[in-house]
Amino acid sequence: MYVRDPINGIDWNHEIGNSYDVTTVEKTILAIPYFFTPFNPISNQLKYEWTINGDEVRTPLSPNMLTLKSGTTKGISNLKLRIENTVKLFLDAEKSLTINLK
């Protein structure tokens, strides 16, 4: 997972670890499933399941990107993404991280 900033673009130099601080009004998390087939991250063969604190998030228009907005809400949330290839069995991945809205 990487951060996609509306002004600076994707920060390919820093993969998001186990936690991430959202200090601006809006940040977009970009998921790139390396070593998956098909190689296209937005292929219709890949199913993305985003959850925040265990609640499913409606899949965004681009399923490998999720925009987080801090607004007036502050606190810690658990973000989880599960990616599954719907054609090939046993090709799936999962990542969880803590999001701190400041």
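Since this is a predicted model, take the numbers as computed values, not measurements.

**Q** For the overall build of the chain, give the residues involved together with the corresponding values.
**A** Across its full length, the chain carries 0 helices and 9 strands. Computed over its C-alpha atoms, the radius of gyration of the chain comes to 14 Å, within 12% of the 13 Å expected for a compact globule of 102 residues. In terms of overall dimensions, the chain has a C-alpha envelope of 40 × 30 × 25 Å along the principal axes. Across the 102 residues in the chain, those meeting the buried criterion constitute 31%. Of the roughly 6700 Å² that the chain leaves accessible, carbon and sulfur atoms contribute 53%. Averaging the coordinates of the 11 positive side-chain charges in the chain and doing the same for the 11 negative ones gives two points 3 Å apart.

**Q** I'd like a description of the pairing of strand β3 (residues 19-22), backed by residues and values.
**A** Burial of β3 is one-sided: the residues Tyr 20 and Val 22 facing one way are buried, the residues Ser 19 and Asp 21 facing the other way are not. When β3 meets strand β9 (residues 92-101), the two strands line up parallel, connected through 4 bridges. The residue of β9 that forms the bridge with Ser 19 is Thr 98.

**Q** Can you lay out the pattern of salt bridges for me, pointing to particular residues and giving the numbers?
**A** Inspection of the entire model under this criterion finds 6 salt bridges. Note that Glu 15 is salt-bridged to Lys 95, the shortest N-O span being 3.2 Å. You can see Glu 15 sitting in the loop between β2 (9-10) and β3 and its partner Lys 95 sitting in strand β9, a full 80 residues away along the chain. You can call Glu 15 partly exposed: its relative accessible area is 44%. On the accessibility criterion, Lys 95 (21% relative accessible area) is partly exposed. Its salt-bridge partner being Glu 84, residue Arg 82 comes within 3.1 Å of it at the nearest N-O pair. A relative accessible area of 25% means that Arg 82 is categorised as partly exposed.

Thresholds, definitions, all that
- Residues numbered from 1 in each chain as written.
- Predicted model: local features only at pLDDT ≥ 70, side-chain atom pairs only at ≥ 80, totals over all residues.
- Heavy atoms only, no water.
- Helix = DSSP H or I, 4+ residues; strand = E, 2+ residues; numbered from the N terminus.
- Rg over C-alpha atoms; globule rule 2.2 N^0.38 Å.
- Buried < 20%, exposed > 50% of the residue type's maximum accessible area, 1.4 Å probe, protein only.
- Areas by Shrake-Rupley, 256 points an atom, 1.4 Å probe, with all protein chains shown as cover.
- Lys, Arg positive; Asp, Glu negative; His and termini not counted.
- Charge placed at Lys NZ, Arg CZ, Asp CG, Glu CD.
- Pairing = 2+ DSSP bridges.
- Salt bridge = Lys/Arg side-chain N within 4 Å of Asp/Glu carboxyl O.

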